[in-house]
Amino acid sequence: MYWQIILTMFVLLDLLQMAVAHCMVHQIPPRNFTLPYMLLNETFLSPFSAGVVESWSGLRRASETKPFLLMNEESFLCCFWSDNNIDCSLYRASMQARKFIPSEIIISASQEIDSNWNIECWIKGKLDLLVCSLRFLKLYLRADLKVNLLYAVSEFSLGDVSTSSLKGSVMVAQCDCSEHDKCECCVPSLRLNYTYIMWLKMMIGETPLWSPLMSVKPIAIVKPEPPLNLHLEMTEKGQVRICWSDPVLMPYPLQYEVKISANSGQNGWQMVEVALETSLAIDNTLLDSSYLVQVRCRNHHGPGFWSDWSTPYNLNLGAEVLYFPPKILTSVGSNVSFHCIYKNKTKIVVSKKIIWWLNLAEEIPESQYTLVNDRVSKVTLFNLKATKPRGNFFYNALYCCHQNRECHHRYAELYVVDVNINITCETDGYLTKMTCRWSANPNTLLLGSSLQLRYYRSRIYCSDFPSTSPKSEVKECYLQKNHSYECTFQPIFLLSGYTMWIEFKHLLGTLESSPTCVVPADVVKPLPPSNVKAEITRNDGLLNVTWTNPVFTNNDLKFQIRYAVNREEITWELYEVSNAPRSAVIKVQKLCVEYVVQVRCRELDGSGYWSNWSRSAYTLVKDIKAPLQGPEFWRIIIEDPARRQKNVTLLWKPLMKNHSLCSVSRYVIKHQTSGNTTWSEYVDNGTTCSFPWTEHTHTITVLAMNSMGVSSVNFNLTLSQQMSTVNVVQSLSAYPVNSTCVILIWTLSPQIYVITSFIIEWKNLNKEEEMKWVRVPPNISKFYIYDHFILIEKYQFSLYPVFAGGVGKPRATDQFTKGGYENENNASLYVVLPIVISTSVVFLGALLVSHQRMKKLFWEDVPNPKNCSWAQGVNFQKLLEILLLGKMQLWSDGVKSGCSPAWWQQSHWLALAEPAPLAWSRKLSVFYLRGLLNPTPV
């Protein structure tokens, strides 16, 4: 049989076109129908000569003939029939067609019915499979029965079919006959709007049976899947609607039938209504009983099958609680309203007994409720905040509940998204492109949502009130690492207005951010200035910065200069200048350090952005001025008995940069003796200089020199043998504070010489280390020396008075004074402490005496509650305690302030007591004014 099927694939298409033109082709309807099947006469099956057309009127039933062999070329029946007449011909590839006379075949109607095929063809709901179901009347399926469905496809309708329009060869679809009295044939990969020409061939053993030709457009016999997801929804006005979903996306609109029927216990009542939308309004009274709803659908404008009925939906179970809308997507700051119908078991709760809860944690105030009618309650939420994700939930749940706090598990969903997204744009310094950036918090985005930037361009500038437009375009933006998005417009129109906004899309709806309009010329970020140079000017000591303005800018620019001392941790200082002629001069505090300088610019009118900072420029450290002063110095005198002279070594401290400005190339030591002999010597490297002292008086001056000159303010030191014997330091004491500090205290005897300064020397006698010294002002008698001291070792401290005419005799000490400094500071404590103790004793005695006297006099004048109505219920014991405590506090305050008795009389101490009538308050005031409780202030 397979080779016969293969031969079928190569039928001459002209033969099929000729048959269509001369035969009756049955149009397959969207319902079941019947067609005859035919078997040829034995005598008619003799070989035919080429070009001869044979007709046969001796067609017999399949049960009346014996099997015969199918010829090696493809054949099909061409028939005309009516209720009592059938006329068929066998077409082969080697034959030519002719018309038949109806009288050649006469078959009774009853016999015709007994030999029919019962056929029903439809397209399944997914639109990808044509199914033909075959049933045979008066014929039982046999094991050797095989059925094939042959078909060809044309893109034209049946009346326009031609050989050139038939697509490909005739194709074969095998049929499944595994059921008892039924076969099913399937044609896959459909073209819905093409014409299919089909016929059936059945083999019972070796006996062939044919059907007449059939044709169909698959789009005309579609049987959709039944509607899905039946549920109840409520409208804003409280009307209830039964809603459903289409099974798949159909290529044409559908019409629906809605069947509402009672349960079997209610006499099987039912009602059918037609709908053209996926919802139908129903009477609210149906919610009070157990009614079932089913829906089916079919093609609205053309032929087709009705789908099967959907799964029954129970109105009573579905109407326990209804929300409108069941879900809301809105933006931050908006107001939304929800409606609700609440059903408690079998009865709908009246709207005035409905309350609302948010997330079952917060009851919404009753002031936000509105009674739409006796069944529908409405709640309005104002100024909404963004929904915070809670695990996998990205919404707030709104519950409609009974006033007895009974809530159903169903709820409405509220999605609040923050679409206040700021879009910033900047045009590059070359004026060729504009880059826009915006960001959204990923934690606030809903699952399945998307963000996109939409924009449109105005010819010139922006409108005063930007708005969205349906003619907008989507701009592709790319996600960056910091959860921001970046879009680039290139090329750009510098003076055009680009209105843009962010569109938030979700299955629940679409939200839009506030539109913003940008003119590229107003958001230019210039290129940074170039050729930046910096230097500290000589003599003036100012930071001078120069640069070159960037290209594609005008001269109306303002600049920011940031500068800092070049070190590991840079602390920038900012200097701003407008309309600068490519330079600026800045006053700085430190002159002898290396500065790092950068410059940036922007439009003078404030539009656009600051450019990036320029490349760094660095200053060179060089001499600015001559040193401000010479170094401080001291001398060490060493006796040389062999030569009968004294050798003097000068010691000085290196100048700080703020004094040297900025370096010292050499030191100049000027000498002048009592014989007016002067000379100078130079020290290039080092801070010491030695010379012999041979004259009675020798004056030394040390100057600092750099490339700009020598210091103008210098220290002088006179060595005088006469002044070295002047003794003005009477005493010297050293007090150790800790291992880093020692206090030196001295006293002076009356003298006639003017002291210009003191020199303090100290050194560790237990170690061979250099002597250390410091110059201190002449008007102090105590000095803190900060150094590293080992208190168990021996130190020597020396104090030299320095006069204008020479250095006086020093006072030295080589031991620390123990406890003296502390005792001196704490001496006043021993005087104050006895006074404090004696005052406390006197106060305590006076308090006890006053307490007894007050108590006695108070209770003598206490009113009798039986005779005084206002005194009834007054706790006079507590009143007395409060008065005494208040009096003690006032006395204490008076002692601290040193107040007189007049202060006591002006104090409102009675306010500490419980309220009492005015007369009783006056009585207590009399006690007070008598001074019964007045202690004597210290």
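Residues numbered from 1 in each chain as written. Predicted model: local features only at pLDDT ≥ 70, side-chain atom pairs only at ≥ 80, totals over all residues. Heavy atoms only, no water.

The subject of this paragraph is the overall build of the protein. When you go through the protein residue by residue, the secondary structure sums to ten helices and 61 strands. With 938 residues in all, the protein has 43% of them scored as buried. The long-range fraction of contacts in the protein, counting pairs at least 24 apart against all pairs at least 6 apart in sequence, stands at 64%. Carbon and sulfur atoms provide 51% of the accessible area of the protein, an area that totals close to 50,700 Å². (Helix = DSSP H or I, 4+ residues; strand = E, 2+ residues; numbered from the N terminus. Buried < 20%, exposed > 50% of the residue type's maximum accessible area, 1.4 Å probe, protein only. Contact = heavy atoms within 4.5 Å. Areas by Shrake-Rupley, 256 points an atom, 1.4 Å probe, with all protein chains shown as cover.)

Moving on, we come to the packing of aromatic side chains. This model, assessed by the stated rule, comprises 24 aromatic pairs. Note on Tyr395 and Tyr415: the rings are 5.3 Å apart at their centroids and 55° apart in plane angle, and the pair reads as tilted. Within this pair, whereas Tyr395 is found in the loop between β27 (377-381) and β28 (396-402), its partner Tyr415 is found in strand β29 (residues 412-417), the two being separated by 20 residues in sequence. Exposure class is identical for Tyr395 and Tyr415. Each is buried. An angle of 55° between the planes, with centres 5.4 Å apart, marks the rings of Trp746 and Phe758 as tilted. (Phe/Tyr/Trp six-rings, centres within 6.5 Å; stacked < 30°, edge-to-face > 60°.)

As judged from the four bridges shared by strand β30 (residues 424-427) and strand β31 (residues 434-439), these two strands associate in the antiparallel manner. By the bridge assignment for β31, Thr427 is matched with Met434. Here β30 folds back onto β31 in antiparallel fashion, the turn holding six residues, of which Leu431 has a positive phi close to 60°. Alignment of β31 against strand β35 (residues 484-489), held across six bridges, turns out to be antiparallel. When the bridges of β35 are listed, Cys436 appears paired with Cys487. (Pairing = 2+ DSSP bridges.)

Moving on to the state of the cysteines. In protein chemistry, a disulfide is the covalent bond that joins the sulfur atoms of two cysteines. If you walk through the whole model with that rule in mind, you get nine disulfides. Disulfide pairing is shown between Cys175 and Cys185; the S-S distance is 1.8 Å. Judged by the sign of its S-S torsion, about 105°, the bond between Cys175 and Cys185 is right-handed. With Cys175 in strand β8 (residues 166-176) and Cys185 in strand β9 (residues 182-188), this residue pair connects regions lying ten residues apart in the sequence. When its relative accessible area of 15% is taken as the criterion, Cys175 is described as buried. On the basis of relative accessibility, which here comes to 0%, the residue Cys185 falls in the buried class. (Disulfide = S-S within 2.5 Å.)

This paragraph deals with a nonpolar patch on the surface. On the surface, Ile460, Tyr461, Leu494 and Leu495 cluster together into a nonpolar patch covering about 360 Å² of accessible area. With respect to the helices and strands, Leu494 occurs in the loop between β35 and β36 (497-506). Residue Leu494 is classed as partly exposed on the basis of its relative accessible area of 31%. (Patch = residues over 30% accessible without salt bridge, like charges linked within 9 Å, V, L, I, M, F, W, Y side chains within 5 Å. Salt bridge = Lys/Arg side-chain N within 4 Å of Asp/Glu carboxyl O.)

Bringing unusual backbone geometry into the picture now. The omega angle of the peptide bond from Phe324 to Pro325 is -15°, so this bond is cis rather than trans. In this fold, Pro325 is placed in the loop between β20 (321-324) and β21 (327-331). In the segment running from Leu661 into Cys662, the intervening peptide bond is cis, with an omega of 10°. By the element assignment, Cys662 lies in the loop between α5 (657-660) and β48 (666-673). The phi angle at Asn229 is positive, at roughly 55°, despite the residue not being glycine. Looking at the element boundaries, Asn229 is found in strand β13 (residues 228-234). According to the relative accessible area criterion, Asn229 is exposed, its value standing at 52%.

Quick look at the confidence of the model for the protein now. Averaged over all residues, the pLDDT of the protein equals 78, while 74% of them reach at least 70. Confidence drops under pLDDT 50 across residues 40-74; counting only partners more than four residues distant or on other chains, this segment forms 73 contacts. Segment residues 882-938: pLDDT under 50, and 68 contacts once partners within four positions in sequence are set aside and those in other chains are kept. (pLDDT = per-residue confidence, 0-100.)

What follows is about the sheet that holds strand β46 (residues 633-640). Judged by pairing direction, the sheet is antiparallel, and its three strands sit side by side in the order β46-β47-β50 without closing on themselves. The sheet terminates laterally at β46 and β50 (688-693), the two strands that pair on one side only. Ignoring which end each strand starts from, the neighbouring axes of this sheet average 20° apart. (Axes fitted to C-alpha atoms, helices over the stretch in contact; angles between N-to-C directions.)

Tallying each qualifying case throughout the model produces twelve salt bridges. When the shortest N-O distance is used, the salt bridge between Asp308 and Lys223 registers 3.5 Å. Remark: Lys223 occurs in the loop between β12 (214-216) and β13 and Asp308 occurs in the loop between β18 (291-299) and β19 (313-314); sequence separation between them is 85 residues. Classification of Asp308 by relative accessible area gives partly exposed; the value is 45%. One salt bridge connects Asp814 with Lys794, and the closest N-O pair in it is separated by 3.5 Å. Here Asp814, found in the loop between β61 (811-813) and α6 (820-825), pairs with Lys794, found in the loop between β58 (782-786) and β59 (795-803); they are 20 residues apart in sequence, far enough to count as distant. Via salt bridges that share partners, Glu426, Arg437 and Glu486 belong to a single interconnected network.

All right, on to the sheet that holds strand β42 (residues 573-578) then. Reading across the sheet, the four strands line up as β42-β41-β44-β45 and stay open at both edges, with antiparallel pairing between neighbours. Because the sheet does not close on itself, it has two edges, and the strands there are β42 and β45 (617-618). Relative to β45, strand β44 (residues 595-603) runs antiparallel, the two sharing two bridges. Paired with Val596 across the two strands is Tyr618, which belongs to β45.

Residue position: Asn441 is located in the loop between β31 and β32 (450-458). Taking the relative accessible area as the measure of exposure, Asn441 reaches 41% and is therefore partly exposed. Remark: the alpha-carbon pair of Asn441 and Asp418, spanning 23 residues in sequence, is separated by 8.6 Å.

Right, let's get into the environment of Ile624. Here Ile624 shows up in the loop between β45 and β46. A residue is classified by how much of its surface remains accessible, and Ile624, at 1% relative accessible area, is buried. The sequence separation of Ile624 and Ser660 amounts to 36 residues, and the corresponding C-alpha distance is 9.1 Å. If we skip the residues at most four places from it in the chain, Ile624 touches Ile536, Thr537, Arg538, Asn539, Gly541, Leu591, Leu661, Cys662 and Met708.

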